[in-house]
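# Report on the structure
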Amino acid sequence: MGKPKFKWNPAGFEAIRRSPEAVRLLESKVEAAAGAAGDSYVGSVVQGAGRGTLGRAIGTVFTDDFKAIRDNAKNNTLMRVFDRLGG
Amino acid sequence: MTEVLVTPDVEAAAVVFLRSSLGALASKVATAVPATMPDTMVRLSLTGGSRQDVASDSAQLTTEVWSVDSPTASHVARRAQAYMMSAAGSAPGVLWVRRSELVGGVQFFPDPDTNKPRYQFTVRWHVRPAAI
């Protein structure tokens, strides 16, 4: 039996980055993080522009009103839900 | 039943470590701010963490620094960050820190409840959980 060879497939990575499944996974994480942060926090997922890693979907959780801005400044709320965005 | 593993008290270890490292640079290093805030206050908070495997936990520590003016608060925060990052491979506060990771560097983060400037940063300490 010959020695197995490994070959990268860059087009496959690009397809995964842009796949609806990847976006849905990110959306679920963003929703969980925003929900854990509180009522006045919201999340969004946008597909990056460009090729390569620039084209991956980007999830963000942010404050939606002054109440959340104040809450985050006082309690570091967004830092406390940071783990929910991880793998 | 699988082995019961407890994350060590990283907050307490970090307080002891930073208190000794910063010395006179900080009036107080603690996990809570007293009713009357001292001139230079350093607060450590455990803001998250996760278990990597049976031999490794990561603990996310946010450090806030208030002081009488911005340059002083920034100076103390940057020093504190340097010490927290230097903890890797040592045992600050009798806790072995395997690796230090910078999550968010020193930033100006105004505090709505005081008129003192506040700078903060966040690091992750990778530590070993203890079996009980």
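Scroll up to find the structure this text is about.
Residues numbered from 1 in each chain as written. Chains lettered and ligands numbered in written order. Predicted model: local features only at pLDDT ≥ 70, side-chain atom pairs only at ≥ 80, totals over all residues. Heavy atoms only, no water.

### Some words on the overall build of chain A
A count of helices and strands for chain A gives four helices and two strands. Rg of the C-alpha trace for chain A: 18 Å, well past the compact-globule value of 12 Å for 87 residues, more than 25% over. With the C-alpha coordinates aligned to their principal axes, the bounding extent of chain A is approximately 65 × 30 × 20 Å. When each of the 87 residues of chain A is scored for burial, the buried share is 25%. Sequence-distant contacts in chain A: of pairs separated by 6 or more residues, those separated by 24 or more amount to 51%. Charge separation in chain A, taken as the distance between the mean sites of 14 positive and 9 negative side-chain charges, equals 13 Å. (Helix = DSSP H or I, 4+ residues; strand = E, 2+ residues; numbered from the N terminus. Rg over C-alpha atoms; globule rule 2.2 N^0.38 Å. Buried < 20%, exposed > 50% of the residue type's maximum accessible area, 1.4 Å probe, protein only. Contact = heavy atoms within 4.5 Å. Lys, Arg positive; Asp, Glu negative; His and termini not counted. Charge placed at Lys NZ, Arg CZ, Asp CG, Glu CD.)

### Considering a nonpolar patch on the surface
Together, Met-1, Val-4, Val-6 and Ile-132 of chain B make up an exposed nonpolar region whose accessible area comes to about 480 Å². Within the element layout of this structure, Met-1 of chain B appears in the segment before strand E1 (5-6). (Patch = residues over 30% accessible without salt bridge, like charges linked within 9 Å, V, L, I, M, F, W, Y side chains within 5 Å. Areas by Shrake-Rupley, 256 points an atom, 1.4 Å probe, with all protein chains shown as cover. Salt bridge = Lys/Arg side-chain N within 4 Å of Asp/Glu carboxyl O.)

### Comments concerning unusual backbone geometry
All names here are of chain A. The backbone phi angle of Asn-76 is positive, close to 55 degrees, even though this residue is not glycine. Take Asn-76: it is sitting in the loop between helix H3 (66-75) and helix H4 (77-80). A relative accessible area of 4% means that Asn-76 is categorised as buried.

### Brief notes about the environment of Ser-40 of chain A
All names here are of chain A. Inspection of the secondary structure assignment puts Ser-40 in the loop between helix H2 (20-37) and strand E1 (41-47). It is 8.8 Å that separates the C-alpha atoms of Ser-40 and Phe-62, two residues lying 22 residues apart in sequence. Here Ser-40 is in contact with Phe-62, Thr-63, Asp-64, Asp-65, Lys-67 and Ala-68, once residues within four sequence places are set aside.

### Comments concerning the interface of chain A and chain B
Counting from both sides, the interface comprises nine residues of chain A and, opposite them, 18 residues of chain B. When chain A packs against chain B, the two sides together hide about 1,100 Å² of surface, and 41% of this comes from carbon and sulfur. Considering only the surface of chain A that becomes buried against chain B, Asn-76, Met-79 and Asp-83 of chain A emerge as the three largest contributors, covering 46% of it. Remark: the boundary between chain A and chain B carries two salt bridges. Here Asp-113 of chain B ties to Arg-70 of chain A by a salt bridge, and the two come within 2.7 Å at their closest N and O atoms. Linking chain A with chain B are five residue pairs in polar contact (both at pLDDT 80 or more). Where the side of chain A that touches chain B is concerned, the elements lending two or more residues are H3 and H4 of chain A. With four residues, H3 of chain A is the single largest residue contributor to the side of chain A that touches chain B. (Buried area = accessible area lost by both parts, 1.4 Å probe. Polar contact = N/O pair within 3.5 Å; in protein donor to acceptor, adjacent residues only side chain to side chain.)

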